[in-house]
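Residue strings, one per chain:
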Amino acid sequence: MGRCIERVELRRAGLRFPFPQNFAERLTGAKVVGLSRRAKYILVALDTGMSLLVHLGMTGRFTVLTPKGVSNLGEFYFEAGAGASADGPHDHVVIHLDQGVRLVYSDPRRFGMMDVLATSAAGEHRLLKDIGVEPLGNELSSAYLAAKFKAKAAPMKAALLDQRIIAGLGNIYVCEALFRTRISPKRKAGSVRLAQLEELVRHVRDILNEAILAGGSTLQDFQSTDGTQGSYQQRFHVYDREGEACANCGAAIKRLMQSGRSSFYCSHCQR
Ligand SMILES: [Zn+2]
């Protein structure tokens, strides 16, 4: 934050999509004035009224390279490991900041994307405009869900995974929230009463906050920027526990495929 972008080095024509026209030029000389997130998109606000939009795809990551003697890069900065460089075959974008600080974007599979947009019109960007409410934001409420689920014949599982309703609520968290609320993943979304939706919203928030405190869930090869692994997976009640005893009633946890994803649930507790 507060740093100036002195130069943007693009080593290919694009990632998942081509870089927009004059991409590097539109960032050069701007000062970073804000950082925010919308669903899985990162927004870097600049003092020019523009924002850099980034999605890390599946394998994208940023590494900060600092020359000796430069410090105070903020609480989210962790020193890059020994041997970190900007010269790897997957280092596609290097953003040169003032004082010789380099922000290196690496992405082996290149499913990530970058774009530049007007900060004031970010909500209308084609990739952002249909995204539902943030699960930890104030807009998620039982009344909001009731309105969205009204007359919906889709099962709860599909309705909660629908990104146009709630942004970025992953499969694991949907399974766990439905278990805590005792709602079957097969239940028609339109049939869930307001009081139960109220409870569901509370559990969604609790579960996400617990996961954040635990450093996220590590099912694949996720690592934090300081190299530590998340530990939330140790606390799942139903997720990935097919055949194990339900913590409430002892019945075996079941697994069901819904919209191409596994649902784990207790058919005795969840109705
Ligand atoms: Zn049970």
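See the structure printed just above.
To keep things clear, this report deals only with the structure shown in the data block. (Residues numbered from 1 in each chain as written. Predicted model: local features only at pLDDT ≥ 70, side-chain atom pairs only at ≥ 80, totals over all residues. Heavy atoms only, no water.)

This part covers the coordination of the zinc ion. Each angle at a metal carrying four tetrahedral donors should ideally be 109.5 degrees, and each at a metal carrying six octahedral donors should ideally be 90 or 180 degrees. Looking at the metal site, the zinc ion is ligated by Cys246 (SG), Cys249 (SG), Cys266 (SG) and Cys269 (SG), spaced 2.2 to 2.4 Å from it. Every donor counted, the four donor atoms about the zinc ion form angles of 102 to 113° at the centre, which fits tetrahedral coordination. In the primary structure, the donors to the zinc ion are separated according to the pattern C-x2-C-x16-C-x2-C. Taken together, the positions of Cys246 in the loop between α5 (194-213) and β9 (254-258) and Cys269 in the segment after β10 (261-265) put the pair 23 residues apart, joining distant regions of the chain. Overall, the relative accessible area of 4% leaves Cys246 in the buried class. The class of Cys269 is buried, set by a relative accessible area of 7%. (Donors = N, O, S within 2.8 Å, 3.2 Å for Na, K, Ca; no water. Tetrahedral: all angles 85-135°; square planar, octahedral: opposite > 155°, others 65-115°. Helix = DSSP H or I, 4+ residues; strand = E, 2+ residues; numbered from the N terminus. Buried < 20%, exposed > 50% of the residue type's maximum accessible area, 1.4 Å probe, protein only.)

Let's shift gears to unusual backbone geometry. Of note, the phi angle at Gln99 is positive, near 60°, even though the residue is not glycine. The phi torsion at Ala151 lies on the positive side, around 60°, for a residue other than glycine. Inspection of the secondary structure puts Ala151 in the loop between α2 (142-149) and α3 (156-161).

Checked against the element boundaries, Glu176 lands in helix α4 (residues 171-181). On the basis of relative accessible area, Glu176 is assigned to the buried category, the value being 0%. As for Glu176 and Arg235, which are separated by 59 residues in sequence, their C-alpha atoms are 9.8 Å apart. Beyond its immediate chain neighbours, meaning those up to four positions away, Glu176 contacts Ile207, Arg235, Phe236, His237, Val238 and Tyr239. (Contact = heavy atoms within 4.5 Å.)

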